[in-house]
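Overview (structure and organization)
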Amino acid sequence: MTSAPAIELRSFTELDAVRGDLLDVYAEVRAPLLHLANYAVNAFGERLDRHGAEDGFQAVLAYEGENPVGYAYGNRIEDGDRYWQRTAPMPGKKYTAHAVVALKEIGVRPAWRGTGVARRLHDAFLSSRDEAYVTLMVNEAAGDGKVHALYRSWGYEDLGHSQPSPVSPRLTVMIRPTS
């Protein structure tokens, strides 16, 4: 890892304030995959709008000056949420009996990868959450398995699998305590 750049983390609970920055960073982060329907910017924008309207939405963005270089965002999910309904096997009551925070996306522009920005975004996102657990979904093929391994090194454990839509890849659902 190279040394961390001088960045400022900013937290938002209203999507309108940062929607443009999220779309810009996403487009660069996912550039090699944008030709796939699930990864297209407009598909991400639709998901982002849905997530931004859900309870407990929060986004944390990293800025170098006024330039957004990374983001993490998510929202609260409850028992019965479609997130859990699409997870197989169905998680036990240990995880679904109370609200959980779902980290829906985390991304860092290529020039800032390997600098600790992703971990700083992750930790800042969780620092203000009061849910006992955080869950996320990861494509095990991402980064030739490096992304899945990174999340494991952050304390996440595999919980099951999900395919959120017919055009999305099969994802591994992971979970860990928030603190």
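Being a predicted model, the structure only gives us computed values, none of them experimental.

The rules we used
- Residues numbered from 1 in each chain as written.
- Predicted model: local features only at pLDDT ≥ 70, side-chain atom pairs only at ≥ 80, totals over all residues.
- Heavy atoms only, no water.
- pLDDT = per-residue confidence, 0-100.
- Helix = DSSP H or I, 4+ residues; strand = E, 2+ residues; numbered from the N terminus.
- Buried < 20%, exposed > 50% of the residue type's maximum accessible area, 1.4 Å probe, protein only.
- Contact = heavy atoms within 4.5 Å.
- Pairing = 2+ DSSP bridges.
- Axes fitted to C-alpha atoms, helices over the stretch in contact; angles between N-to-C directions.

Parts of the model with low pLDDT should not have their predicted coordinates read in detail. For the protein, per-residue confidence averages 93 on the pLDDT scale, and residues scoring 70 or more make up 97% of the total. Within the protein, the lowest mean pLDDT, 93, falls on helix 3 (residues 82-85), and the highest, 98, falls on strand 2 (residues 58-64).

Every buried residue belonging to helix 1 (residues 19-29) is among Leu22, Leu23, Val25, Tyr26 and Val29, and all of these are buried. The secondary structure elements touched by the buried residues of helix 1 are helix 2 (41-52), strand 2, strand 3 (67-77) and strand 4 (100-108).

This paragraph deals with the pairing of strand 7 (residues 171-177). With six of its seven residues buried, strand 7 lies for the most part within the structure. Here strand 5 (residues 133-138) pairs with strand 7 via six bridges, running antiparallel. Each residue of the ladder has a partner; that of Leu136, found in strand 7, is Met174. For strand 6 (residues 157-162) and strand 7, the ladder comprises five bridges, and the chain directions are antiparallel. Across the sheet, residue Ser162 finds its bridge partner in strand 7, namely Leu171.

The next thing to look at is the sheet that holds strand 3. With respect to topology, seven strands assemble into an open sheet ordered 1-2-3-4-5-7-6, the strand pairing being mixed. If you trace the sheet from one side to the other, it starts and ends with strand 1 (8-12) and strand 6, each paired once. Sheet twist, expressed as the mean angle between neighbouring strand axes with direction ignored, is 25°. Across the sheet, helix 2 touches strand 3 and strand 4, and the angle it forms with strand 3 is around 50°.

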